[in-house]
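# Summary of the model geometry
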Amino acid sequence: MVFFNRIKKETTEKKVPESVKAEYDEIMNLFKRCDVNKDGKLSKEEVKAGFRRLQSRFPAFRATRAFKMADKDGDGYITEAELDKLVTYALQCYQGDIKLRLLI
């Protein structure tokens, strides 16, 4: 007899390695602050503003690439559920360089 209720349920929270946890949290907060109209989702202009704050040389390009990776439902906005993929993309773009970019 198999007891299916004993199977561990997957958590929806992504486990972030401790080495990048602080940077992950900073970028997450940065993009949340970019939601200027407080509707709980990020438009392309708001994401572009976030990449400007990260001092990207090409914020429009970064925003377009981020939307291709993060906007899974294709509605033109990055929701709270999709924000993790946006932050992961930003971390890949600026590995180990986040603190310096945010200081200036």
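Going by the structure above, here's the rest.
Being a predicted model, the structure only gives us computed values, none of them experimental.

Inspection of the secondary structure assignment puts glycine 76 in the loop between helix 3 (59-70) and strand 2 (78-79). Look at glycine 76 and you get partly exposed, because its relative accessible area is 34%.

Take the side chain of aspartate 71 next. The topology assignment puts aspartate 71 in the loop between helix 3 and strand 2. Despite being buried, aspartate 71 has no salt bridge partner; lysine 44 is the closest side chain of opposite charge, sitting 9.1 Å away. There is a polar contact of 3.5 Å between the side chain of aspartate 71 and the backbone nitrogen of aspartate 75.

Once that is clear, we can look at the packing of aromatic side chains. Across all of its chains, the model carries two aromatic pairs by this definition. Here the aromatic rings of phenylalanine 31 and phenylalanine 51 are separated by 5.5 Å at their centres, their planes lie at 65°, and the arrangement is edge-to-face. Note that phenylalanine 31 is positioned in helix 1 (residues 18-33) and phenylalanine 51 in helix 2 (residues 44-53), a separation of 20 residues in sequence. Aromatic side chains phenylalanine 51 and tyrosine 89 sit 6.1 Å apart centroid to centroid with 75° between the ring planes, which places their arrangement in the edge-to-face category. Here tyrosine 89 lies in helix 4 (residues 83-93) and phenylalanine 51 lies in helix 2, a separation of 38 residues in the sequence. Following the ring pairs from residue to residue traces out a cluster consisting of Phe31, Phe51 and Tyr89.

Quick notes on the rules
Residues numbered from 1 in each chain as written. Predicted model: local features only at pLDDT ≥ 70, side-chain atom pairs only at ≥ 80, totals over all residues. Heavy atoms only, no water. Helix = DSSP H or I, 4+ residues; strand = E, 2+ residues; numbered from the N terminus. Buried < 20%, exposed > 50% of the residue type's maximum accessible area, 1.4 Å probe, protein only. Lys, Arg positive; Asp, Glu negative; His and termini not counted. Salt bridge = Lys/Arg side-chain N within 4 Å of Asp/Glu carboxyl O. Polar contact = N/O pair within 3.5 Å; in protein donor to acceptor, adjacent residues only side chain to side chain. Phe/Tyr/Trp six-rings, centres within 6.5 Å; stacked < 30°, edge-to-face > 60°.

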